[in-house]
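Each chain is listed here by its residues.
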Amino acid sequence: MDEREILGKLNEEQKKAVLAAEGPVLILAGAGSGKTRVLVHRIAYLVDVIGVMPGNILAITFTNKAADEMRSRVDKMIGFGSQEIWVSTFHSLCVRILRRYGELLGYTRYFSIYDTDDQLSLMKSIFKEKQVDTRYMKERAVLGRISSAKDELVSPKKYALLNRDFYGEKVAELYEAYQRKLLENNAMDFDDLLMNAVELFESHPEVLGIYQERFLYLMVDEYQDTNTAQFRFLSLLAGRTHNLCVVGDDDQSIYKFRGANIRNILGFEEIYPGAVVVKLEQNYRSTKNILDAANEVIRNNRGRKAKRLWTNEEEGEKIHFRRFLNGFEEAEFVCGEIASEVRAGRRAYRDFAVLYRTNAQSRLFEEKMLLANLPYRIVGGVNFYSRREIKDILAYLKTVDNAADDLQVQRIINVPRRGIGGSTVGKISGYAEAGGISFFEAACEVEKVPGVSAAAAKKVTSFTDQIGVLRARAEVGSISDLIKQLLEMTGYVEELKKEDTEEAKARIENIDELISKAVQYETKESSPTLSGFLEEVALIADIDAVEETDDRVLLMTLHAAKGLEFPAVYMSGMEDGLFPSRIALDSETPAEEIEEERRLCYVGITRAREVLTLTFASERMVRGEVVRNEISRFVKEIPRELVDMGERTNAQGRKMDLSGRGADAALRSAILSEPGKPAFGRTFEMPEASRRTRGTVKNEYSNPYKKVSSPRDTGEKKPPEFAVGDSVRHVKFGVGEVREIKDGGKDYLVTVDFPTWGVKKMYASFAKLKPV
DNA sequence: TATATAGTGTTTTTT
DNA sequence: ACACTATATA
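Residues numbered from 1 in each chain as written. Chains lettered and ligands numbered in written order. Predicted model: local features only at pLDDT ≥ 70, side-chain atom pairs only at ≥ 80, totals over all residues. Heavy atoms only, no water.

S.K.: Just to check I follow, could you spell out the overall build of chain A for this structure?
M.R.: For chain A, the helix and strand inventory stands at 32 helices and 23 strands. Split by element, the accessible area of chain A, about 36000 Å² in all, is 50% carbon and sulfur. (Helix = DSSP H or I, 4+ residues; strand = E, 2+ residues; numbered from the N terminus. Areas by Shrake-Rupley, 256 points an atom, 1.4 Å probe, with all protein chains shown as cover.)

Okay, structure coming up:
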């Protein structure tokens, strides 16, 4: 392509960004302003006009999905030689570097990557060892501190110097122990990938030099989300040439909690004097109304670079605002509207996204989607790779790949049951500690471990033998074969089959899916390795798995939606206390936190191309308690003339007032429920097809109108709605007869006689007993 | 050693 | 509401 072709379809600002080939460049790209387009064109310009070797260009993104998209667009535009261009996420780039040079830091090239579950188990073992009282200190809290420290490149030693109070000293000690264990296990957590890469560069200038020579032109997407470690990583790489082009939007910085440092983008010009700054303010995505709403909301933030998005688009529909009495109705409305739009042929399911602040909100939508038979996909929540059966199998694979990883070995030594208990594991562990060897090595010579009976030793040996066989197999066979072999050898699937429950069935299906993922990996990769497969699995993000081709409604958090766009978007739970979150409102620096929430709101609004609907529920169940909230302040920041406040017709075809008076609550609930049935007392079965992707779901709604007072929240307790002799229903035991009701302190203790289960004692509200 | 049950804690957002 | 842990018991 020549220069004219490359620049042809770009606007003036976009051209400016593409033409600034050398030196530091800051592209402030508003939502929907075509930043990926600019990046791709800029790469084409570098290669085809300036004559840069493709292999000297590096483009960094945050998610695999973004990397894949950029890769395919670059390939399409450049053609020959484009394969040489590096397009990678921060994390996978660091892994590549560390696999190659990690030995300089004491890791082998087979190091494991720990996810949050692994981190937690490791920290738990440290707590146990150091006898930390979990009443005063929580594993997760400590891990949080450590993670923040790593984001800021603070080593355990430095942490100890910076934190001299009692708690800080303890965290420093645990941080130190944690890092030592990771190294012993030949493992790194997510944050280590970056921190260690930086450490490698700083302690080994010759290694840094190699990469500085390779990556002569750097481009970084979503720059506003970079943390201190990522910033340092970039400045080191670009240290020689300063050819660093960053693209971001300070208004879309929503990852402060993960260490993102907004100063990286706000202060870019100070750090790189003479940087070319380009502002992309023309939006090509949304209607004028949607854009105006977004502008008006974000205008309320103080710490931001001045800008205002504009568009040549039509005004379009007004922003819809709908209010409901509770989350159930909210979900019902959203599902109903989607169903009728699709049925009328106006839109496909994939045109819709339902966004929410917290993952917990997804449940209501999921239930209603199932009832309404709408195809949907939930992004995030319980990750496929964090399911127990998947983690078990991966632990086997990791043991085969990296036997130094004690955590994985200990996870599977008794899975499936081999009769090896905690005490035997403890003895082997102590022996390993004393001898300075890994747990697995100790297990291999279990007969030398004091205190282990011959019978127990035999069981341990049969386990280590199995791993030995698998290891030999891994040398010659494929990964999918290896998985099949280990399943057969250990009888893992056999056990599940014997269980013969729906849950076990779902687990077997998940295992099959893992096998096909292994096959996929092996066909895709030119030189597949076990480490490579495990790495891909470890670094996958929920959003990466979303396929645009299948026609489903997408449900996800506002965070997960960043970078995506949809013709029609629902932003649900527009309530003060939920969005902005209670935690933000009650924090020590509410002003700052609310600004972050507002940016999140801005991100949500700007996902919509044509229709944006904001929904509000005045009551909502939060952790088993009914909570009432006011309309989100963000809604009020949208000018009234841009908003349609909505009317809704009831079952009788009468217009219902949704403008705010709650007096008709009883009326509405009466209308919505069928005669003789409670409004939401239905039970439902999950359709077979969705079981696999979401696991099992509990089979009953709770009544949204019932005020639940949990035994712990107040001293008050509600008398049971039944008396001795009445029939009651229990979720698991079915219908039974009440024999006795006693005051059990915080709650009523009820004795019930179930025909098939016998006499059971239980707390009334805890057991959710309902009169029949 | 394995299992059932009572008790406790949690959740805002995640590469 | 739900998951996880500690404890009791077989």
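S.K.: Would you mind going over the side chain of glutamine 361 with me for this structure?
M.R.: Tracing the sequence through the fold places glutamine 361 in the loop between strand E10 (352-356) and helix H17 (362-372). Note on glutamine 361: relative accessible area 6%, which makes it buried. Polar contacts involving the side chain of glutamine 361 include one to the main-chain amide nitrogen of arginine 357, which spans 3.3 Å. Among all residues touching glutamine 361, those that are not within four sequence positions of it are Tyr356, Ser572, Gly573, Leu578 and Arg620. (Buried < 20%, exposed > 50% of the residue type's maximum accessible area, 1.4 Å probe, protein only. Polar contact = N/O pair within 3.5 Å; in protein donor to acceptor, adjacent residues only side chain to side chain. Contact = heavy atoms within 4.5 Å.)

S.K.: Just to check I follow, could you spell out the packing of aromatic side chains for this structure?
M.R.: Aromatic rings considered in pairs are described by the distance between their centres and by the relative angle of their planes. For the structure shown, the criterion picks out 17 aromatic pairs. Taking 5.9 Å as the distance between ring centres and 45 degrees as the angle between the ring planes, the aromatic pair formed by phenylalanine 201 and tyrosine 211 counts as tilted. With phenylalanine 201 in helix H10 (residues 190-203) and tyrosine 211 in helix H11 (residues 205-214), this pair connects stretches of sequence that are ten residues apart. In terms of burial, phenylalanine 201 and tyrosine 211 fall into one category: buried. Residues tyrosine 356 and phenylalanine 365 carry aromatic rings whose centres are separated by 6.4 Å and whose planes lie at 15 degrees to one another, so their mutual orientation is stacked. Of the two residues, tyrosine 356 and phenylalanine 365, neither departs from the other in class, the shared state being buried. Joined through ring pairs, the aromatic side chains of Phe62, Trp86, Phe90, Tyr101, Phe201, Tyr211, Phe215 and Phe233 make up one cluster. Sitting over the ring of phenylalanine 111, arginine 99 keeps its end group 4.2 Å from the ring centre. In this arrangement the basic side chain of arginine 258 is found over the ring face of tyrosine 255, its NZ or CZ atom lying 4.1 Å from the centre. (Phe/Tyr/Trp six-rings, centres within 6.5 Å; stacked < 30°, edge-to-face > 60°. Lys NZ or Arg CZ within 6 Å of the ring centre and 35° of its normal.)

S.K.: In this structure, what is going on with the packing of helix H6 (residues 116-129) against helix H9 (residues 166-184)? I would like to understand it.
M.R.: When two helices pack together, you describe them by how their axes are tilted relative to each other and by the distance separating the axes. Look at H6 against H9: their axes get within 10 Å of each other, and the N-to-C directions meet at 120 degrees. Relative to H9, H6 is oriented oblique. Remark: the crossing between H6 and H9 carries right-handed chirality. Here Gln119, Leu122, Met123, Ser125, Ile126, Phe127 and Glu129 of H6 lie close against H9, whose contacting residues are Leu174, Ala177, Tyr178, Lys181 and Leu182. Taken together, the residues of the contact of H6 with H9 sort by class into eight nonpolar, two polar and two charged. (Axes fitted to C-alpha atoms, helices over the stretch in contact; angles between N-to-C directions. Parallel < 35°, antiparallel > 145°, perpendicular 65-115°, else oblique. Left-handed = near helix turned anticlockwise from the far one by under 90°. Nonpolar A, V, L, I, M, F, W, Y, C, P; charged D, E, K, R; others polar.)

S.K.: I tried to follow the pairing of strand E12 (residues 553-557) on my own but got confused; where do I start?
M.R.: In summary, the side chains of a regular strand alternate between the two faces of the sheet. With five of its five residues buried, E12 lies for the most part within the structure. By the alternation rule, side chains of E12 split into Val553, Leu555 and Thr557 and Leu554 and Met556, which are all buried. By the bridge criterion, four bridges tie E10 to E12 in an arrangement that is parallel. Each residue of the ladder has a partner; that of leucine 355, found in E12, is methionine 556. With three bridges connecting them, strand E11 (residues 376-378) and E12 associate as parallel partners. Of the residues in E12, the one forming a bridge with arginine 377 is leucine 554. (Pairing = 2+ DSSP bridges.)

S.K.: Would you take a moment to explain the protein's contact with DNA strand B for this structure?
M.R.: As a matter of local geometry, DNA strand B sits amid 24 residues, with Phe62, Arg258, Arg357, Arg417 and Ile583 nearest to it. Backbone atoms, meaning sugar plus phosphate, form 58% of the atoms of DNA strand B positioned within 4 Å of the protein. Taking arginine 258, its side chain carries an N or O atom lying 3.4 Å from a sugar or linking oxygen of DNA strand B. One of the side-chain nitrogen or oxygen atoms of arginine 417 is found 2.8 Å away from a phosphate oxygen of DNA strand B. A breakdown of the residues in the surface near DNA strand B according to their chemical character gives six nonpolar, ten polar and eight charged. (Near = heavy atom within 4 Å.)

S.K.: When you look at helix H20 (residues 422-435) in this model, what are you seeing that I'm missing?
M.R.: Residues that lie three or four places apart on an α-helix share one face, since the helix turns once every 3.6 residues. Between its first and last C-alpha, H20 extends 20 Å over 14 residues, near the 20 Å set by a 1.5 Å rise per residue. Of the positions making up H20, those classed as buried are Thr424, Val425, Ile428 and Ala432. Within H20, the buried residues cover an arc of 100 degrees as seen down the axis, which keeps them to one side. Exposed residues on H20 whose side chains face more than 90 degrees from its buried face are Gly422, Ser423, Glu433 and Ala434. (Expected span 1.5 Å × (residues − 1). Arc of directions from axis to C-beta.)

S.K.: What exactly am I supposed to notice about the pattern of salt bridges here?
M.R.: Once the charged atoms of two side chains with opposite charge are near each other, the side chains can pair. Scanning all chains against the criterion turns up 50 salt bridges. Aspartate 644 is the partner of arginine 322 in a salt bridge, and the nearest nitrogen-oxygen pair spans 3.1 Å. With arginine 322 in strand E9 (residues 319-326) and aspartate 644 in strand E16 (residues 643-644), this residue pair connects regions lying 322 residues apart in the sequence. Taking relative accessible area as the criterion, aspartate 644 reaches 23% and is therefore assigned partly exposed. The salt bridge involving arginine 582 is made with aspartate 586; its shortest N-O contact spans 3.2 Å. Of the two residues, arginine 582 and aspartate 586 both sit in helix H28 (residues 582-586), four residues apart, roughly one turn of that helix. For aspartate 586, a relative accessible area of 54% gives the class exposed. When salt bridges with common partners are traced through the structure, they connect Lys35, Asp221, Glu222, Asp225 and Lys562 into a single cluster. (Salt bridge = Lys/Arg side-chain N within 4 Å of Asp/Glu carboxyl O.)

S.K.: Looking at this structure, how should I read the sheet that holds strand E1 (residues 25-29)?
M.R.: Note: strands within a sheet are paired through backbone hydrogen bonds, in either parallel or antiparallel orientation. Strand order across the open sheet formed by six strands is E3-E2-E6-E7-E1-E8, with parallel pairing between neighbours. Only two strands of the sheet have a single partner each, and these edge strands are strand E3 (86-89) and strand E8 (276-280). Averaged over all pairs of adjacent strands, the angle between their axes in this sheet comes to 15 degrees, without regard to strand direction. Here strand E2 (residues 57-61) pairs with E3 via four bridges, running parallel. Its bridge partner lying in E3, isoleucine 60 is registered against serine 88.

S.K.: Before we go on, may I ask you to explain a positive patch on the surface in this structure?
M.R.: A cluster of like positive charges, contributed by Arg96, Arg100, Arg109 and Arg214, occupies part of the molecular surface. Relative to the assigned elements, arginine 100 resides in helix H5 (residues 90-101). Arginine 100 sits in the exposed class, given a relative accessible area of 56%. (Patch = residues over 30% accessible without salt bridge, like charges linked within 9 Å, V, L, I, M, F, W, Y side chains within 5 Å. Lys, Arg positive; Asp, Glu negative; His and termini not counted. Charge placed at Lys NZ, Arg CZ, Asp CG, Glu CD.)

S.K.: Hey, could you run me through the nonpolar core in this one?
M.R.: Generally speaking, nonpolar side chains in soluble globular proteins are found buried as a group. In terms of nonpolar packing, the biggest core is built from 71 residues, with Leu193, Phe201 and Phe233 touching the most fellow members. For phenylalanine 201, the residues in contact, after removing those within four places along its chain, are Ile97, Val207, Leu208, Tyr211, Phe233, Leu236 and Leu237. Residues Phe463, Ile479, Val493 and Ala504 belong to the second largest nonpolar core, which totals 48 residues. (Core = buried A, V, L, I, M, F, W, Y, C linked by side-chain atoms within 4.5 Å.)

S.K.: I tried to follow helix H7 (residues 139-151) on my own but got confused; where do I start?
M.R.: Compared with the 18 Å implied by 1.5 Å per residue over 13 residues, the 18 Å span of H7 between its first and last C-alpha is a close match. Looking at H7, one finds that the buried residues are Glu139, Val142, Leu143, Ile146, Ala149, Lys150 and Asp151. Immediately downstream of H7, the backbone of leucine 153 shows phi near 60 degrees, a positive value.

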